[in-house]
Amino acid sequence: MDEAFVTESEFKTLVLDERNCIDCCFPINIPIDVNRYSRIKFEHSCNGLVLYEVYDVSNYHTIYVVYNPSLKNCRTLPKPPFRKTRVPCVLSFTIAFDPAKSSYYEVLALCDTDTSESIYHIEIYSSKTDSWRDAGDPFPFSPPGRLLVSGMYWNGSVHWIDQWSATLHYFDIECELMKTLAMPTQPYPERDYSRSIVYFKECREHIHLMEMRKDDMPRADIWEMCMDYTGWNVKYNVDLSPLTIVYPSILLDRDFSFRRLGLDVLLIEEGEDSSRLILWILNDKVISFDLENKGFKEMYDVSPDVYVQGFQYMETLAHA
């Protein structure tokens with residue numbers, strides 16, 4: 001888990017290893033040159049490789065760095081040759097890496113076109129050639145504000161979801177085609193803030209989607225997608241209302257039209273013996289919530305000025 005923005009090349013990282021009963025904290029140092037004007041942001045991770053954005057506010061310059069924490073080596077990506085001449089609107093950068101298939105990886109940039117904010121194209125970086133390529137003709141896509149911004153790599157494709165239309169977009173890298181699939185949730189009516197998708201990630205080769213209902217108490221449904229894209233199965237119905245007794249700050253009511261929960265779902269972790277949610281109680285704690293027995297335990301105290309993110313991690317010998 002990492003702070004969203006830092007001004008140095010060091011991240012304070014919490015390692016959660018339930019199998020070996022290890023929960024520890026250690027720094028990750030990214031071997032890149034930064035100055036006091038640099039801002040480093042965690043962008044994406046995939047099978048042991050981590051992608052960071054490094055933005056220099058003094059000259060408005062942005063670079064992207066792929067880092068392997070196991071080998072402690074990194075690669076600065078060449079500047080993407082975006083199709084448009086003006087500053088592009090880049091919706092997401094996503095690593096596509098499957099060590100079972102190849103030691104090389106790709107990075108997908110989803111960008112808007114010159115003609116419309118709802119027409120996009122994809123450019124792909126290959127670590128094998130150390131170059132970018134255009135992935136074909138532009139295609140209609142959901143507006144940026146309706147998407148979960150970070151793409152997610154799984155089963156040879158990169159996935160994005162539009163919760164307002166209940167649509168899953170996924171780009172098949174081998175065929176270089178964009179496809180769609182209906183989600184298990186219902187489309188969101190305009191100004192309906194009573195529910196939202198709070199989690200969409202891969203764990204142990206399965207996609208998990210979590211929708212939170214924010215009525216009187218926080219409750220959620222967790223679905224798992226079939227490997228062949230034929231449908232979704234309900235995995236868990238989760239009642240988080242007992243947490244609000246211990247952590248009343250979870251129920252944050254900013255105004256009468258929009259209720260925001262004071263917690264973030266960092267990980268859905270499925271183990272051999274148990275499954276759990278890793279939750280961040282904003283400005284307070286990181287806790288573990290057992291999906292089987294509904295018990296929870298505190299793991300770490302979090303300072304109010306720290307932003308926390310979570311991702312699955314595995315060691316890999318692939319060079320960045």
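Residues numbered from 1 in each chain as written. Predicted model: local features only at pLDDT ≥ 70, side-chain atom pairs only at ≥ 80, totals over all residues. Heavy atoms only, no water.

Q: A description of the packing of aromatic side chains should follow, citing residues and the corresponding values.
A: Scanning all chains against the criterion turns up eight aromatic pairs. Of the aromatic side chains, those joined through ring pairs into one cluster are Tyr64, Phe93, Tyr105, Tyr125 and Trp132. (Phe/Tyr/Trp six-rings, centres within 6.5 Å; stacked < 30°, edge-to-face > 60°.)

Q: Can you break down the sheet that holds strand E13 (residues 152–154) residue by residue, with the values?
A: Taken together, the four strands give an open sheet; going across it, the order is E13-E14-E15-E16, and neighbouring strands pair in antiparallel fashion. The two strands at the open ends of the sheet, each matched to only one other strand, are E13 and strand E16 (177–182). Mean inter-strand twist for the sheet, computed between neighbouring axes without regard to direction, equals 30 degrees. Bridge count between E13 and strand E14 (residues 157–162): three bridges; the pairing is antiparallel. Residue pairing in the sheet places Trp154 in a bridge with Ser157 of E14. (Pairing = 2+ DSSP bridges. Helix = DSSP H or I, 4+ residues; strand = E, 2+ residues; numbered from the N terminus. Axes fitted to C-alpha atoms, helices over the stretch in contact; angles between N-to-C directions.)

Q: Explain the nonpolar core residue by residue, including any values.
A: The biggest cluster of nonpolar side chains holds 32 residues, and the ones touching the most others in it are Val66, Leu77, Val107 and Ile122. Among the elements of the structure, strand E5 (49–56), strand E6 (61–68), strand E8 (90–96), strand E9 (106–112), strand E10 (119–126) and E14 are those that each provide at least two residues to this core. It is E9 that provides the largest number of residues to this core, a total of five residues. Look past the residues within four positions of Ile122 in its chain and what remains in contact with it is Leu108, Ala109, Leu110, Arg133, Asp134, Ala135, Phe139, Trp160, Phe171 and Met178. The next biggest cluster of nonpolar side chains, apart from the first, holds 31 residues, and it includes Ile250, Ile278, Leu279 and Trp280. (Core = buried A, V, L, I, M, F, W, Y, C linked by side-chain atoms within 4.5 Å. Buried < 20%, exposed > 50% of the residue type's maximum accessible area, 1.4 Å probe, protein only. Contact = heavy atoms within 4.5 Å.)

Q: Go over the environment of Ile278, please, and point to the residues and values.
A: Relative to the elements of secondary structure, Ile278 occurs in strand E24 (residues 275–281). According to the relative accessible area criterion, Ile278 is buried, its value standing at 0%. When the C-alpha atoms of Ile278 and Glu298 are compared, they prove to be 9.9 Å apart, with 20 residues separating the residues in sequence.

Q: Kindly report on the side chain of Lys285, identifying the contributing residues and their values.
A: Looking at the secondary structure, you find Lys285 in strand E25 (residues 285–290). A polar side-chain atom of Lys285 sits 2.5 Å from a polar atom in the side chain of Asp301. Beyond its immediate stretch of four places on either side in the chain, Lys285 contacts Tyr247, Leu279, Trp280, Glu298, Tyr300, Asp301 and Val302. (Polar contact = N/O pair within 3.5 Å; in protein donor to acceptor, adjacent residues only side chain to side chain.)

Q: Describe in detail the environment of Pro218, supporting the description with residues and values.
A: Among the secondary structure elements, Pro218 is positioned in strand E19 (residues 218–225). Relative accessible area serves as the criterion here: at 1%, Pro218 is assigned to the buried category. Taking the C-alpha atoms as reference points, Pro218 and Leu261, separated by 43 residues in sequence, lie 7.9 Å from one another. Ignoring any residue separated from it by four or fewer positions in sequence, one finds Pro218 in contact with Met212, Arg213, Asp239, Leu240, Ser241, Thr244, Ile250, Leu251 and Leu261.

Everything listed here is a matter of geometry and, on its own, says nothing about what the molecule does.
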